[in-house]
Amino acid sequence: MVHIPHLIVGAGPVGLILGHYFKRFNIPFQIFEKQSFLSAHPSAHYLNMRTMEILDELNIQLPLENIQHFSNYVYLRRIGEQPLNSTRQLIDYKQYSYTSYAHLPQSLFVQHVQQGIRDKIQLNTEIKKIEFKDKIIKVNDNITCDYLYGCDGLNGFVRDYLKIKLIGNRDLQRFLNIHFTSKQLVNRLEQYNSMLSFIYNSDITAVIIKHRIEDGTFAIQIPLDLLTGQTDIQQVQHIKQDHVLIKNLINKTLLNQVNDIEIKSVGFWRMGAVYAEQYYMNNCVLVGDACHGMPPAGGFGMNTGIQDAQNLAYKIKEQKDLLYYQQERQQIAQDNIETALKYYKKSLDIAKSFTFDINKLKIYQSFMKNTPDFLYQAGVKLGGSLIELDPIYKRIQVNDYIPLVFPKEEIGFKYNSGDIGENGGQLAPLAVREVLKNRERKWYSINCDSDHQRIDIENVNKMIVRSDMHIYQQ
Ligand SMILES: Cc1cc2nc3c(=O)[nH]c(=O)nc-3n(C[C@H](O)[C@H](O)[C@H](O)COP(=O)(O)OP(=O)(O)OC[C@H]3O[C@@H](n4cnc5c(N)ncnc54)[C@H](O)[C@@H]3O)c2cc1C
């Protein structure tokens, strides 16, 4: 029997960040990862301001993309055509944080973040069984640990094994998710400087995510119901193998086809808006996607998880009650889910305003399904042209678009309960964080004026700064 005091399940972004904190705090740990490699799918790509401060605290350097090339959301019929609309999304970060938000595909993020703790990651090791004996947790019959951290994602084993319920809607929408490369597509998109390109034409509704310019890494997400008329993933598994069809789908987003598409992976993604009813049971703790899942609008998924990991690491270091972790982070998950849902709904409204009412399109598709093939093709073409020519589609106001940067959710959040005093507390103001940034993290008493311009550390007991940089007033 091997004893690992702190066992992290899953080497995704969240498990890796938790590992870095444990290393920093000299907390003995191991990470078990069931796969033989770290995730190669680019998935998340937006690193928000609070996440960047956490990476700064951990001295993690990343080969970040130049955010200027990812500054727009563009709405198009086809790439190569004049946009229906476009919004520039960047804002001046300096009033909120000493680090800027950034862009990097998740696959590269994990490759770089594993450095420094590589020797603590055990690949090909799946957790399949958990038992509780007194205060010891027994795992897979041959390992014991004091604490087990489920960083094993939304479909992970730990929460499922503990029978902890998810609250919310697990199945909002399903997508076909394709990871591919094409340098020609990089050139086609150059004129738009877009991070996300939303495509609405009569052949396809999709969003193309530009992940990396250097090697032409992209992902495309296509709503399954619009593509196939059905959402049963089992019924459409064959699509995954059909690379000719997949390349065709990608080309339907373009005015002129590209011929250098290389498919890296094809999968289905079940998008939900959920959080776990409980964040821990005995000494088993859920972190990241294991305890929440949200629509991608706002890029909150991975960021919320990384911030969970920071919060939890300090609780473990300072031997705090895990209830505080749950109270603080569950509330943030709920808030971020609410914002992500709001903008997900807005994205449906935007699609509608470009004449693609999903429900109407579904009715049209099911009606057309039973017509003979030649009529179907002609009907789709005619219907599509009418949709595209429709002169009455509204150009919606810029205010109605989806923002990229969310200062309040990224950095302005507030804990209403937890280990933060009766009145709640929030992230320390920028000036305070800057001053404390290079000091050893501990509880500080500080005095500052109302604009936080004049800061006096360890002088007057007016404001307490917690080690994870949250404050409360005394
Ligand atoms: C298309 C897409 C776009 C997204 N965009 C963004 C974005 O822009 N910004 C953002 O913040 N988030 C985004 N997200 C969400 C983001 O990808 C997730 O929130 C993030 O991956 C969660 O990280 P995690 O470490 O909690 O879980 P995961 O990344 O799911 O990692 C879990 C790990 O645990 C391992 N594992 C599972 N079970 C076991 C077991 N029993 N034993 C051992 N190992 C196990 C898995 O193999 C995996 O490596 C996006 C997601 C998708 C799908």
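Above this note sits the structure.
Residues numbered from 1 in each chain as written. Predicted model: local features only at pLDDT ≥ 70, side-chain atom pairs only at ≥ 80, totals over all residues. Heavy atoms only, no water.

Participant: Would you mind going over the sheet that holds strand S2 (residues 6-9) in detail, with residue names and values included?
Facilitator: Spatially, S8-S3-S2-S12-S19-S18 is the arrangement adopted by the six strands of the open sheet, whose pairing is mixed. Each edge of the sheet is formed by a strand with only one pairing partner; in this case those strands are strand S8 (121-122) and strand S18 (280-281). Strand direction decides the pairing type here: strand S12 (residues 147-150) and strand S19 (residues 284-286), joined by three bridges, are parallel. Bridge pairing in S19 links Tyr-149 to Val-285. Strand contacts of helix H1 (residues 13-24): S2, strand S3 (29-32), S8 and S12, with the helix running at about 165° to S3, the strand carrying the most contacts. (Pairing = 2+ DSSP bridges. Helix = DSSP H or I, 4+ residues; strand = E, 2+ residues; numbered from the N terminus. Contact = heavy atoms within 4.5 Å. Axes fitted to C-alpha atoms, helices over the stretch in contact; angles between N-to-C directions.)

Participant: Quick rundown of helix H3 (residues 106-113)? Include the residues and the values.
Facilitator: Buried residues of H3: Gln-106, Ser-107, Phe-109, Val-110 and Val-113, and no others. Buried residues along H3 cover an arc of 160° about the axis, so they all sit on one side. Among the structural elements, H1, strand S4 (46-47), helix H2 (49-57) and helix H8 (300-317) are those in contact with the buried residues of H3. (Buried < 20%, exposed > 50% of the residue type's maximum accessible area, 1.4 Å probe, protein only. Arc of directions from axis to C-beta.)

Participant: Got a sec to walk through the pattern of salt bridges? Specific residues and values, please.
Facilitator: Taken as a whole and judged by the stated rule, the model has 17 salt bridges. The partner of Arg-50 in a salt bridge is Glu-53, and the shortest N-O contact between them spans 3.1 Å. Taken together, the positions of Arg-50 and Glu-53, both in helix H2 and three residues apart, correspond to about one turn of that helix. Note on accessibility: Arg-50 and Glu-53 belong to one class, buried. (Salt bridge = Lys/Arg side-chain N within 4 Å of Asp/Glu carboxyl O.)

The values are spatial; any link to function lies outside them.
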